[in-house]
Amino acid sequence: MKPRNIILYLTLAVLVSTGLLLAGCETLKTSKPILPLKEYEKMIAGRLDANYIGTNNCLAACHVHDKIKQDFDASTMGVQLSKKSGMPLVDCESCHGPGSLAVEGLTPEKVAEDAKAGKKTACDYKTLIDIRNLPAQAKSLICLKCHTANATFNLHNWNAGTHAISDVSCSDCHKLHGGSDLKVKPTEIGEMCEKCHLETKAEFALPSHHPVPEKRVFCNDCHDPHGSTTDKMLRKITVKETCTQCHADKEGPFTFQHAENMEDCRTCHSPHGSPFNNLLNVPGPFLCLQCHAGHRTGATTTEENRAARNTRCTDCHSTIHGTDLPSASGKGRFIQ
Ligand code: HEC
Ligand code: HEC
Ligand code: HEC
Ligand code: HEC
Ligand code: HEC
Ligand code: HEC
Ligand code: HEC
Ligand code: HEC
Ligand code: HEC
């Protein structure tokens, strides 16, 4: 190939790849625009020509939403915010926006007429905030206007958390009208999370796993779904602290530590699940042989020596997480 042709091809290649890159940026930009906060605020203000009329006036127009109202009254938000509580009232319009336009023209006569014609009266819900089709940030802002980090302590890290950043909103997890319980029931947490986290679901199906499917350990024991200061939204500052909440016997400090390995349990364990016993990343001796050479022992038969070299290191090194007791030679070799 002539040098001129090479230059031509190179130029073409550069042009094409820049084009592709730019096209890539374009789709990133249009699919996930992050807007200034005030834009989201506008989206949740509702129609400016509508007025707030109160839950009772909303619901008196027709009775389609009585069940939602009953559930809501029985919920924490409803109960704590009855007029008697003296706290700011939460009602339907706190989230759905002012409702006067929605019930305009809905008289008892119209409702009766509709019923006679076998129709269900519907309010003009298009004049309310279209919550379902809002961007995730705006959806969450509906909740955050009351659930500020000061009022709801566990939302301290929400804005910087992976979920907020990845367009997951409060109502993806909290079903506001699924019943009177606004919280996620502990027994339903695992399945709720796994709807989106299919890979994690597969890990918990492996032979050795934390008993999350058995509902004895829960995703939120280790993670804070509202975000945290750590990578992977862990509940504690380090992996080790997250684990030793329950496995306190592995915390140490021990007189003989297994070097810095113990600072991160993931050196040897897969937190969710593993095909190998004890949630190990790598089975049996191979785990140890990644970092150590096998060795002969005082055993007299070749059989015994081979066993020591290649298998079951933890049969003898049984206190592998650390120990206060020295080995026969006076060193820390996790024998007892
Ligand atoms: C704390 C905020 C909040 C309050 C208060 C609230 N809603 Fe909702 N509502 C929502 C959200 C969020 C959705 C959308 C749910 C979704 O994403 O599927 C919704 C959806 C709905 C729907 C659509 C149908 C459905 O079940 O999904 C109706 C109807 C409704 N709400 C009625 C009411 C009524 C009536 C009240 C007052 C008793 C009320 N809402 C109070 C947040 C709220
Ligand atoms: C108008 C104010 C307001 C809005 C808007 C609001 N909340 Fe609440 N919410 C409260 C108050 C007040 C309570 C009861 C006190 C508490 O538990 O903090 C509460 C309670 C809750 C609880 C139950 C807490 C418990 O311990 O039982 C959940 C969950 C919750 N809200 C989620 C949401 C979600 C999700 C949204 C948005 C769709 C939302 N809230 C919007 C004021 C509000
Ligand atoms: C990825 C799922 C998920 C998202 C997103 C999420 N939550 Fe939660 N939330 C949970 C789980 C799980 C719990 C713990 C179980 C429970 O108490 O409901 C919880 C608990 C809560 C509680 C009860 C707190 C307490 O101290 O008991 C409130 C209030 C709450 N969330 C509000 C919100 C608000 C507001 C948002 C949005 C800014 C939000 N959540 C986003 C899953 C989620
Ligand atoms: C509506 C879907 C949805 C639900 C429900 C959901 N998540 Fe997520 N989660 C995401 C998305 C999207 C991300 C962004 C990273 C990704 O794509 O994995 C994420 C990220 C995470 C991360 C950080 C992963 C990383 O690589 O940094 C953790 C940990 C996590 N979720 C835990 C949970 C837990 C625990 C629950 C249940 C309480 C839950 N999620 C429920 C969608 C969801
Ligand atoms: C025993 C503690 C523990 C439990 C229970 C747990 N996780 Fe994790 N999870 C972790 C740790 C630790 C990491 C970090 C793993 C890493 O970086 O290698 C992690 C990582 C993740 C990630 C990031 C992707 C990955 O695999 O590295 C997601 C998503 C996640 N967990 C979701 C969940 C969900 C959903 C549940 C419940 C069904 C759950 N976790 C239960 C400890 C736990
Ligand atoms: C909420 C408590 C809790 C937390 C936090 C927790 N575990 Fe566990 N862990 C358990 C329970 C319960 C079992 C099952 C014990 C049983 O079946 O007898 C278990 C079992 C194990 C096992 C043995 C598994 C087997 O196959 O027998 C290992 C290894 C383990 N956990 C490591 C960890 C690591 C690493 C972390 C941190 C990422 C962690 N655990 C965090 C509760 C917890
Ligand atoms: C150097 C590798 C290594 C590190 C690091 C490590 N483990 Fe282990 N762990 C093992 C091995 C190997 C076993 C299996 C022991 C056996 O075969 O008897 C085990 C077993 C376990 C068990 C189940 C049996 C028991 O002793 O209760 C738990 C729980 C456990 N580890 C928790 C942890 C926690 C928590 C951490 C972090 C603080 C951690 N491990 C760090 C290698 C390690
Ligand atoms: C990620 C690498 C790594 C893994 C995996 C690992 N170790 Fe270690 N181990 C170390 C380091 C580093 C030291 C400290 C070495 C030193 O002080 O000379 C150590 C120290 C030891 C010692 C004390 C050695 C001495 O000279 O005092 C023994 C015994 C030991 N490990 C056994 C094991 C066994 C058994 C396993 C498997 C269950 C294992 N180790 C897995 C890195 C590892
Ligand atoms: C039959 C019991 C036995 C088995 C099995 C065994 N060890 Fe040992 N190991 C010992 C004894 C005993 C010592 C010396 C302890 C002392 O210093 O008093 C030792 C010392 C060590 C040491 C420190 C001395 C050195 O050689 O550097 C390491 C590292 C070690 N073993 C790793 C392993 C690994 C990795 C395996 C599995 C492949 C294993 N051991 C299997 C009994 C055993």
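Up top you'll find the structure we're talking about.
Residues numbered from 1 in each chain as written. Chains lettered and ligands numbered in written order. Predicted model: local features only at pLDDT ≥ 70, side-chain atom pairs only at ≥ 80, totals over all residues. Heavy atoms only, no water.

### With respect to the overall build of the chain
Thought 1: When its secondary structure is counted, the chain shows 17 helices and 2 strands.
Thought 2: A total of 336 residues make up the chain; the buried ones form 25% of that total.
Thought 3: A separation threshold of at least 6 residues defines the contact pool for the chain, and within that pool the share at least 24 residues apart is 54%.
Thought 4: For the chain, the exposed area adds up to about 23,100 Å²; of that, 60% sits on carbon and sulfur atoms. (Helix = DSSP H or I, 4+ residues; strand = E, 2+ residues; numbered from the N terminus. Buried < 20%, exposed > 50% of the residue type's maximum accessible area, 1.4 Å probe, protein only. Contact = heavy atoms within 4.5 Å. Areas by Shrake-Rupley, 256 points an atom, 1.4 Å probe, with all protein chains shown as cover.)

### With respect to the site of ligand 1
Thought 1: Taken together, 16 residues sit near ligand 1, with Cys92, Cys95, His96, Arg132 and His177 positioned nearest.
Thought 2: Here Arg132 contributes a side-chain N or O atom positioned 2.6 Å from an oxygen atom of ligand 1.
Thought 3: Contact between ligand 1 and His177: a nitrogen atom at 2.8 Å from a side-chain N or O atom of the residue.
Thought 4: If you list the elements that add at least two residues to the shell around ligand 1, you get helix 4 (66–74) and helix 6 (92–96).
Thought 5: Here the shell around ligand 1 is composed, by residue class, of 9 nonpolar, 4 polar and 3 charged. (Near = heavy atom within 4 Å. Polar contact = N/O pair within 3.5 Å; in protein donor to acceptor, adjacent residues only side chain to side chain. Nonpolar A, V, L, I, M, F, W, Y, C, P; charged D, E, K, R; others polar.)

### Digging into the pattern of salt bridges
Thought 1: Using the criterion set out here, one finds 11 salt bridges in the structure.
Thought 2: In this structure, Lys67 and Asp71 form a salt bridge, with 2.8 Å as the shortest nitrogen-oxygen distance. Remark: Asp71 and Lys67 occur in helix 4; sequence separation between them is 4 residues, near one turn of the helix.
Thought 3: Here Asp224 and Arg235 are joined by a salt bridge, their closest N and O atoms 3.9 Å apart. Of this pair, Asp224 sits in the loop between helix 13 (219–222) and helix 14 (239–244) while Arg235 is found in the loop between helix 13 and helix 14, placing the two residues 11 residues apart along the sequence. (Salt bridge = Lys/Arg side-chain N within 4 Å of Asp/Glu carboxyl O.)

### Description of the coordination of the iron atom of ligand 7
Thought 1: Within the protein, the iron atom of ligand 7 binds to His269 (NE2) and His321 (NE2); these donor distances fall in the range 2.0 Å.
Thought 2: Taken together, the 6 donor atoms coordinating the iron atom of ligand 7 and their angles of 88 to 179 degrees define a geometry best described as octahedral. Placement of His269 in the loop between helix 14 and strand 2 (273–274) and of His321 in the segment after helix 17 (313–316) is noted, with a sequence separation of 52 residues between them.
Thought 3: His321 sits in the partly exposed class, given a relative accessible area of 25%. (Donors = N, O, S within 2.8 Å, 3.2 Å for Na, K, Ca; no water. Tetrahedral: all angles 85-135°; square planar, octahedral: opposite > 155°, others 65-115°.)

### Focus: the coordination of the iron atom of ligand 8
Thought 1: At this site the iron atom of ligand 8 is bound by His258 (NE2) and His292 (NE2), with donor distances of 1.9 to 2.0 Å.
Thought 2: You can call His258 buried: its relative accessible area is 17%.
Thought 3: Residue His292 is classed as partly exposed on the basis of its relative accessible area of 47%.

### Considerations on the nonpolar core
As a rule of thumb, soluble globular proteins bury nonpolar side chains together.
Thought 1: Formed by Tyr40, Ile44, Ile129, Leu134, Ala138, Leu141, Ile142, Leu144, Leu155, Trp158 and Ala164, the largest nonpolar core amounts to 11 residues.
Thought 2: With near-sequence residues (within four places) excluded, Leu155 lies in contact with Leu144, His147, Ala149 and His226.
Thought 3: If you look at the next biggest cluster of nonpolar residues, it comprises 6 residues, including Ala61, Cys62, Ala102 and Val103. (Core = buried A, V, L, I, M, F, W, Y, C linked by side-chain atoms within 4.5 Å.)

### Some details on helix 11 (residues 186–194)
Thought 1: Residues of helix 11 that are buried include every one of Ile189, Gly190, Met192 and Glu194, and no others.
Thought 2: On the buried face of helix 11, the contacting elements are helix 10 (170–173), helix 12 (198–204) and helix 13.

### Focus on the environment of Leu206
Thought 1: Mapped onto the elements, Leu206 comes out in the loop between helix 12 and strand 1 (208–209).
Thought 2: Along the backbone, Leu206 and Pro275 are 69 residues apart, and their C-alpha atoms lie at a distance of 5.5 Å.
Thought 3: Beyond its immediate stretch of four places on either side in the chain, Leu206 contacts Gly273, Ser274 and Pro275.

### With respect to the environment of Ala102
Thought 1: In this structure, Ala102 sits in the loop between helix 6 and helix 7 (108–116).
Thought 2: In the structure, Ala102 is positioned 24 residues away from Lys126 in sequence and 7.5 Å away in space, judged by C-alpha atoms.
Thought 3: Setting aside chain neighbours within four positions, we find Ala102 in contact with Cys123, Asp124, Thr127 and Leu128.

### Comments concerning unusual backbone geometry
Thought 1: With an omega of 0 degrees, the peptide bond running from Gly252 to Pro253 counts as cis.
Thought 2: For Pro253, the position within the fold is in the loop between helix 14 and strand 2.
Thought 3: In the Ramachandran plot, Leu279 falls in the positive-phi region, its phi being about 55 degrees despite a non-glycine side chain.
Thought 4: Looking at where Leu279 falls in the secondary structure, it is placed in the loop between strand 2 and helix 15 (284–289).

### Structural notes on the site of ligand 4
Thought 1: The environment of ligand 4 is formed by 15 residues, the closest being His163, Ser166, Cys193, Cys196 and His197.
Thought 2: In the environment of ligand 4, a nitrogen atom lies 2.9 Å from a nitrogen or oxygen atom belonging to the side chain of His163.
Thought 3: For the shell around ligand 4, the secondary structure elements donating two or more residues are helix 9 (162–165), helix 10 and helix 11.
Thought 4: Looking at the shell around ligand 4 residue by residue, the class counts come to 8 nonpolar, 5 polar and 2 charged.
Thought 5: Looking at which domains feed residues into the shell around ligand 4, each of domain 1 (55–183) and domain 2 (193–279) gives three or more. (Domains from an automatic or database assignment.)

Geometry only, nothing functional implied.
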